[in-house]
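# Fold and contact review
Next come the chains, spelled out residue by residue.
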Amino acid sequence: MKLKEKFTGFLVSASLAAAGCLPAVMMPVYAEDYSDTEYWYSQCTKPQTSSEGVKACEGFREHENQRRQQLQQSITDFSNSIGSLEGETDKVAALAQEQKALAEELSNQISQKEAVIAQIEANIQALQEQIVQKQAEIDAWDAQIKSRMRHEQGNVGTNMLVDLVMGASDLNDMLRRISGIERITEDDQAQISRLNEMKAELELSVSEEKRLQEENTAQKAELEEQKAEAQRLEDSYNQLVAQYQQQIAELQAQKRAAEADMNAIRDFVITSAAAGSASITTSSGFNVPVLGGQYSAGTWAYPGGGLHLGLDWAAPIGTPVVAPANGIVLYAANPVASNSGYLGNMSGYPYGSGNSICLLCSMNGSLYAFSFFHLSQEGMAVRAGQSVSAGQQIALTGNSGNSTGPHCHIEVINLGNMSVEDAIKRFSSSADFAWGTGWGNTAGACEAKGSTPCRERPEVFFS
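Throughout what follows, the structure given in this document is the object of discussion. Everything numeric here is computed off the predicted structure, so don't read it as measured data.

## Notes on the overall build of the protein
Counting secondary structure elements, the protein contains 10 helices and 12 strands. Within the protein, buried positions represent 48% of all 463 residues. Here the analysis covers contacts within the protein between residues at least 6 apart in sequence; of these, 75% occur between residues at least 24 apart. Approximately 22,200 Å² of the protein is accessible, and the part contributed by carbon and sulfur atoms is 49%.

Structure (structure tokens):
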């Protein structure tokens, strides 16, 4: 696309509306097609060489202002919608999808604006150097032409520069001056014509420097506004997540408590045949299973409220997950994309876990079942029935299933003195990650139940 190509009657809709996330809001009609923002930013951060180019860039600036204002309104609408969805879990989950699109669009705009600011500043510096160079060239040409005219003055007996200003005194004077002007060579005339062109170019360059300076100031101000909008959006989303987490516990418990469809997951579950020969060398302690990141939510409750039966360990997608102790893999499946998680996504098994692993370990003679949820699809390094050693990499962290960002959810079930053989037989028949402790409350916690199987707080072992 060239800068001067015209498109009439072109209507631009907001990108979010085109994606179906928000109601369509039509943008004003522009003479140019501004849909290729990367191209137009590249063009309009450079000094323009024509009035048409300046006008087109002014139109692009107006177009971008409209797009930015629409996104701000969408964020406001999003924030206002959260408080009206109490008890409507499905709508909260749908709103979370909208937020994801808004956050992505805003992040793209911020990144684009940071690049634009850097480009404008580089172009301003180059333009300032060109202005100095062009002014020096104009001054040199101007001096040369004046010198030539002063030389002619000696031949024609008049100072043309003065006479042309003061006017002819009589007819003879006029004829003498005309004769002197005719002595200016064609080369002189061409140089004067080029000098006038250069002066016009210089005026445009000076004007463009001012436009770019103003554009740079405006872009920086908008960048700060958008960063504030990003924080506002994040705060609203955190409010939404807290509301959802308070509401979802019962629904998720119902789904996970339902009888497993063993035919659907049989390929990912250890077989009862493995029970007879299986053994685990007991460990003296547990290794930290995620090699990076930090706690983001503790066991029994989320920071904003709502039941949470394990420990969330926030870490970038692709962070290694290792076996906390020697053990046997009871379940391993990676059916969904690594970064496909969102609020309300019940993919994976158990429901909402995304890509998951259940590992049977032994510490100081007691048996424990470890669950790892929301893993990456790539990097799943184990399969059901496989023996693993403490510290061996088994997977990578991801953002899959009912997840609001990259992390690994860890649950620990204390099986007490249950034998490895009995544990394998029990899991192979039911694939119950909760081991009978339930999903809807903390009654299965070891401190509440007083007997095994019971739920432990993972952070007790990894402090």
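## Notes on the state of the cysteines
Enumeration according to the criterion identifies 2 disulfides in this entry. Bridging C44 to C57, the disulfide has an S-S length of 2.2 Å. Disulfide C44 to C57: torsion about the S-S bond roughly -90 degrees, handedness left-handed. Here the residue C44 occupies a position in helix α2 (residues 37–44), and C57 occupies one in helix α3 (residues 51–82), the gap between them amounting to 13 residues. Each sulfur of the disulfide joining C446 and C454 lies 1.9 Å from the other. Measuring the twist about the S-S bond at about 85 degrees, one finds the C446-C454 disulfide to be right-handed. With respect to class, C446 is no different from C454; both count as buried. Numbered in order of appearance, the disulfide-bonded cysteines of the protein are paired 1-2, 3-4. The structure places no disulfide on C358, whose sulfur is separated from the nearest cysteine sulfur, that of C361, by 9.1 Å.

## Notes on the packing of aromatic side chains
Each aromatic ring pair is characterised by the separation of its centres together with the angle its planes make. Counted under the stated rule, the structure contains 19 aromatic pairs. Between the aromatic rings of Y331 and Y349, the centroid separation amounts to 5.8 Å while the plane-to-plane angle is 50 degrees, which identifies the pairing as tilted. Placement of the pair is Y331 in strand β6 (residues 327–333) and Y349 in the loop between β6 and β7 (355–363), with a sequence separation of 18 residues. You'll find Y331 and Y349 in the same group, each marked buried.

## Looking at helix α9 (residues 420–430)
Within an α-helix, residues lying three or four positions from one another point in the same direction, as the helix has 3.6 residues per turn. Here α9 has its buried residues at V420, A423, I424, F427 and S428. Buried residues of α9, viewed axially, fall in a sector of 125 degrees; they line one side. For α9, the secondary structure elements touched by its buried residues are α8 (262–265), β6, β7, β8 (366–375) and β11 (407–416). Remark: A431 follows α9 within two positions and exhibits a positive phi of approximately 50 degrees.

## Focus: the nonpolar core
What tends to happen in soluble globular proteins is that the nonpolar side chains get buried as a cluster. Membership of the largest hydrophobic core comes to 33 residues, with the highest contact counts inside it found for Y331, L360, L415, F427 and W435. Mapped onto this core, the elements with two or more residues apiece are α8, β6, β7, β8, β11 and α9. Setting aside its immediate chain neighbours within four residues, Y331 contacts I265, F268, V269, Y349, S356, I357, C358, A384, F427 and F433. One finds A325, I357, Y368 and F372 within the second-largest nonpolar core, a separate group that totals 28 residues.

## Comments concerning the pairing of β8
Taking burial as the measure, the 10 residues of β8 include 9 buried ones, the bulk of the element. In textbook terms, the turn of a hairpin is the stretch between consecutive antiparallel strands, and for β7 and β8 this stretch comprises 2 residues, one of which, N364, has a positive phi near 50 degrees.

## Quick word on the pattern of salt bridges
What the rule picks out here adds up to 11 salt bridges. Residue K220 is joined to E121 by a salt bridge in which the shortest nitrogen-to-oxygen separation is 2.8 Å. A residue pair is termed long-range when its members are at least 10 positions apart, and K220 in helix α7 (residues 186–257) and E121 in helix α4 (residues 89–156) qualify at 99 residues. Assessed through its relative accessible area of 39%, K220 is described here as partly exposed. E229 is the partner of R232 in a salt bridge, and the nearest nitrogen-oxygen pair spans 3.3 Å.

## Here's the deal with the side chain of Q219
As for its position among the elements, Q219 is in helix α7. Leave out the neighbours within four places in its chain, and Q219 touches Y41, R61, K113, V116, I117 and I120.

## Remarks on the side chain of S356
Structurally, S356 is set in strand β7. Setting aside chain neighbours within four positions, we find S356 in contact with Y331, A332, A333, Y349, P350, F372, F373, L375, M380 and F433.

## Focus: the environment of G348
With respect to the helices and strands, G348 occurs in the loop between β6 and β7. A residue is classified by how much of its surface remains accessible, and G348, at 23% relative accessible area, is partly exposed. For the pair G348 and A333, spaced 15 residues apart in the sequence, the C-alpha separation amounts to 8.1 Å. Each residue touching G348, except ones within four places of it in the same chain, is listed here: P335, S353 and G354.

## Overview of unusual backbone geometry
Across the junction of Y349 and P350, the peptide omega takes the value -10 degrees, indicating a cis bond. Cis geometry marks the peptide bond from T452 to P453, where omega comes out at -5 degrees. Structurally, P453 is set in the loop between α10 (446–449) and β12 (454–456). Backbone geometry at N364 places phi at a positive 50 degrees, although glycine is not the residue there. Its place among the elements puts N364 in the loop between β7 and β8. If you check the backbone angles, A431 has positive phi at about 50 degrees while not being a glycine. In this structure, A431 sits in the loop between α9 and α10.

## Description of the environment of I131
Tracing the chain through its elements places I131 in helix α4. Taking C-alpha positions, I131 is 9.4 Å from E201, a pair spaced 70 residues apart along the chain. The contact partners of I131, leaving out residues within four places of it in the chain, are L202, S205, V206 and E209.

Rules used in this analysis
- Residues numbered from 1 in each chain as written.
- Predicted model: local features only at pLDDT ≥ 70, side-chain atom pairs only at ≥ 80, totals over all residues.
- Heavy atoms only, no water.
- Helix = DSSP H or I, 4+ residues; strand = E, 2+ residues; numbered from the N terminus.
- Buried < 20%, exposed > 50% of the residue type's maximum accessible area, 1.4 Å probe, protein only.
- Contact = heavy atoms within 4.5 Å.
- Areas by Shrake-Rupley, 256 points an atom, 1.4 Å probe, with all protein chains shown as cover.
- Disulfide = S-S within 2.5 Å.
- Phe/Tyr/Trp six-rings, centres within 6.5 Å; stacked < 30°, edge-to-face > 60°.
- Arc of directions from axis to C-beta.
- Core = buried A, V, L, I, M, F, W, Y, C linked by side-chain atoms within 4.5 Å.
- Pairing = 2+ DSSP bridges.
- Salt bridge = Lys/Arg side-chain N within 4 Å of Asp/Glu carboxyl O.

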